[in-house]
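Here are the chains, one letter per residue:
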Amino acid sequence: MEDKEFSGKVALVTGAANGIGSASAIKFAAKGAKVICSDVNEISGNKTVSKIIGNGGSAHFIRADVSDGSEVKALMEQIIKSHNQLDFAFNNAGIGLFDKPIDQCTEEDYDKVMNINSKGVWLCMKYEIPIMLEQQGGCIVNTASQAGLVGGAGLSIYVASKHAVVGFTQSAALEYGAKGIRINSVAPGIIDTQINQPFWDDHPELYEEWKSTVPMKRYGTAEEVAEMVVWLCTKDASFVHGATMPVDAGMLAR
Ligand SMILES: NC(=O)c1ccc[n+]([C@@H]2O[C@H](COP(=O)([O-])OP(=O)(O)OC[C@H]3O[C@@H](n4cnc5c(N)ncnc54)[C@H](O)[C@@H]3O)[C@@H](O)[C@H]2O)c1
């Protein structure tokens, strides 16, 4: 439902081609924001755009690899050129690396996961923040994970990459809170998106078994995370800053 807090506002979503990013882009647009959907996957990114336009919303796709500084800089320059403002930024693009103990990980694994999940969030904030400083306001939400707050066997590089997102969020909140920019992150639990598919393909027997480890006995949907992302950008969240919000059915409460 359209909301006057969002109409006329501009929202950037990275990783908008699929899963949590796509659901969040659709939700921002349903609230009335003009959405820039960014991803490395142009075909699926444009599908998110088509869904938004089909629902009567406003969106367009800009391809950018978040791990590449020149592409992130160019993304922000295109947003300024087309909209001359950036009110909400959801830095969400990420990849998984599951089921790989430290001794089996390669340096390439380390560089790839850290470059996309951690450096990507840092690069996005680096180029979003000057725009928000110039316009004297904005909201940033980064995607961490429950793995950003606790350890996980077989997940060490992913865990480290998401702990970095929490650290960047907290530090940026301290740097820019007095300058009108609110910065938070979300910590999803196990959400049924394609990032987990390679793991479920390798261990189909664990798909049902792992549900029993979730206090609510089910996996989350991308839409349930999108609700938190968009809420963090509303005035209702005006005193929420530097926080990492679990959306995890109680996984972190164990
Ligand atoms: N699904 C979960 O269980 C879960 C849990 C915690 C955190 N997360 C995090 O949520 C975020 C979204 O994941 P998802 O579950 O929607 O998975 P997803 O695989 O459905 O979506 C991730 C998107 O990021 C894009 N992407 C990957 N590398 C990129 C790059 N270099 N530049 C730009 N885009 C890139 C992909 O193309 C894809 O569209 C990720 O940061 C992930 O780590 C997911």
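Just above sits the structure.
Every value quoted in this text rests on a predicted model; they were computed, and no experiment measured them. (Residues numbered from 1 in each chain as written. Predicted model: local features only at pLDDT ≥ 70, side-chain atom pairs only at ≥ 80, totals over all residues.)

## As for the overall build of the protein chain
Alright, step 1. Helix and strand counts for the protein chain come out as 8 helices and 7 strands.
Alright, step 2. For 254 residues, the compact-globule estimate of 2.2 N^0.38 gives 18 Å, and the protein chain sits close to it at 17 Å.
Alright, step 3. Based on the C-alpha atoms only, the size of the protein chain along its principal axes is roughly 50 × 35 × 35 Å.
Alright, step 4. Within the span of the protein chain, comprising 254 residues, buried residues form 45% of the whole.
Alright, step 5. Counting contacts in the protein chain only where the partners sit at least 6 residues apart, residues at least 24 apart contribute 74% of the total. (Helix = DSSP H or I, 4+ residues; strand = E, 2+ residues; numbered from the N terminus. Rg over C-alpha atoms; globule rule 2.2 N^0.38 Å. Buried ≥ 20, exposed ≤ 12 C-beta atoms within 10 Å, placed from the backbone. Contact = placed C-beta atoms within 7 Å.)

## Regarding the pairing of strand 6 (residues 181–188)
Alright, step 1. Buried residues dominate strand 6, accounting for 8 of its 8 residues.
Alright, step 2. Between the parallel elements strand 5 (residues 138–143) and strand 6, the chain passes through helix 5 (residues 156–176) in a crossover that is right-handed.
Alright, step 3. Across 4 bridges, the pairing between strand 6 and strand 7 (residues 244–247) is parallel. Note on strand 7: the bridge partner recorded for valine 186 is methionine 245. (Right-handed = clockwise from strand over helix to strand, strands pointing away. Pairing = 2+ DSSP bridges.)

## What about the nonpolar core?
Within soluble globular proteins, side chains that are nonpolar generally end up buried alongside one another.
Alright, step 1. Ranked by internal contacts, the top residues of the largest apolar core, which has 67 residues, are Ala11, Val13, Ala25, Phe28, Val35 and Cys37.
Alright, step 2. Element by element, the count of residues in this core is highest for helix 4 (residues 107–134), at 9 residues.
Alright, step 3. Not counting chain neighbours up to four residues away, the residues in contact with alanine 25 comprise Val13, Ala16, Val35, Cys37, Thr48, Ile52 and Ala59. (Core = buried A, V, L, I, M, F, W, Y, C linked by C-beta atoms within 7 Å.)

## Brief notes about the site of the ligand
Alright, step 1. In the neighbourhood of the ligand, 28 residues make up the surrounding shell, with Gly15, Gly19, Ala93, Gly94 and Ile195 lying closest.
Alright, step 2. Among the elements that line the shell around the ligand, the one with the most residues is helix 1 (residues 19–30), at 3 residues.
Alright, step 3. Looking at side-chain class alone, the shell around the ligand contains 12 nonpolar, 14 polar and 2 charged residues. (Near = placed C-beta within 6 Å. Nonpolar A, V, L, I, M, F, W, Y, C, P; charged D, E, K, R; others polar.)

## Observations regarding the environment of tryptophan 122
Alright, step 1. Along the chain, the position of tryptophan 122 falls in helix 4.
Alright, step 2. Distance in space between the C-alpha atoms of tryptophan 122 and serine 67 is 9.2 Å, their sequence separation being 55 residues.

## A closer look at the sheet that holds strand 2 (residues 34–39)
Alright, step 1. Strand order across the open sheet formed by 7 strands is 3-2-1-4-5-6-7, with parallel pairing between neighbours. Pairing within the sheet leaves two strands with one partner each, and these edge strands are strand 3 (58–63) and strand 7. Neighbour-to-neighbour, the strand axes of the sheet open up by a mean angle of 20 degrees, direction not taken into account.
Alright, step 2. The sheet contact formed by strand 4 (residues 88–91) and strand 5 spans 4 bridges and is parallel. Bridge pairing in strand 5 places phenylalanine 88 opposite cysteine 139.
Alright, step 3. Strands strand 1 (10–14), strand 4, strand 5 and strand 6 of the sheet are contacted by helix 4, whose axis makes an angle of about 175 degrees with strand 4.
Alright, step 4. Along the sheet face, helix 5 touches strand 5, strand 6 and strand 7 and points at about 165 degrees away from the line of strand 6. (Axes fitted to C-alpha atoms, helices over the stretch in contact; angles between N-to-C directions.)

## So, unusual backbone geometry
Alright, step 1. Positive phi outside glycine occurs at asparagine 84, with the angle close to 55 degrees.
Alright, step 2. Looking at the secondary structure, you find asparagine 84 in the loop between helix 3 (69–83) and strand 4.
Alright, step 3. Even without being glycine, lysine 217 reaches a positive phi, approximately 60 degrees.
Alright, step 4. The topology assignment puts lysine 217 in the loop between helix 7 (204–211) and helix 8 (222–232).
Alright, step 5. You can call lysine 217 exposed: it has 9 C-beta atoms within 10 Å.

## Things to note about the pairing of strand 2
Alright, step 1. Of all 6 residues in strand 2, 6 are buried, a share of seventy percent or more.
Alright, step 2. Burial of the side chains of strand 2 extends over both faces: Lys34, Ile36 and Ser38 are buried on one face and Val35, Cys37 and Asp39 on the other.
Alright, step 3. One ladder, built from 5 bridges, connects strand 1 with strand 2; its direction is parallel. Note on strand 2: the bridge partner recorded for threonine 14 is serine 38.
Alright, step 4. In this region the chain leaves strand 1, passes through helix 1 and returns to the parallel neighbour strand 2; the handedness of that crossover is right-handed.
Alright, step 5. Judged from the 6 bridges that link them, strand 2 and strand 3 form a sheet pairing that is parallel. Paired with valine 35 across the strands is alanine 59, a residue of strand 3.
Alright, step 6. Handedness of the crossover is the feature at issue here: the chain leaves strand 2, passes through helix 2 (residues 42–54), returns alongside strand 3, and the resulting connection is right-handed.

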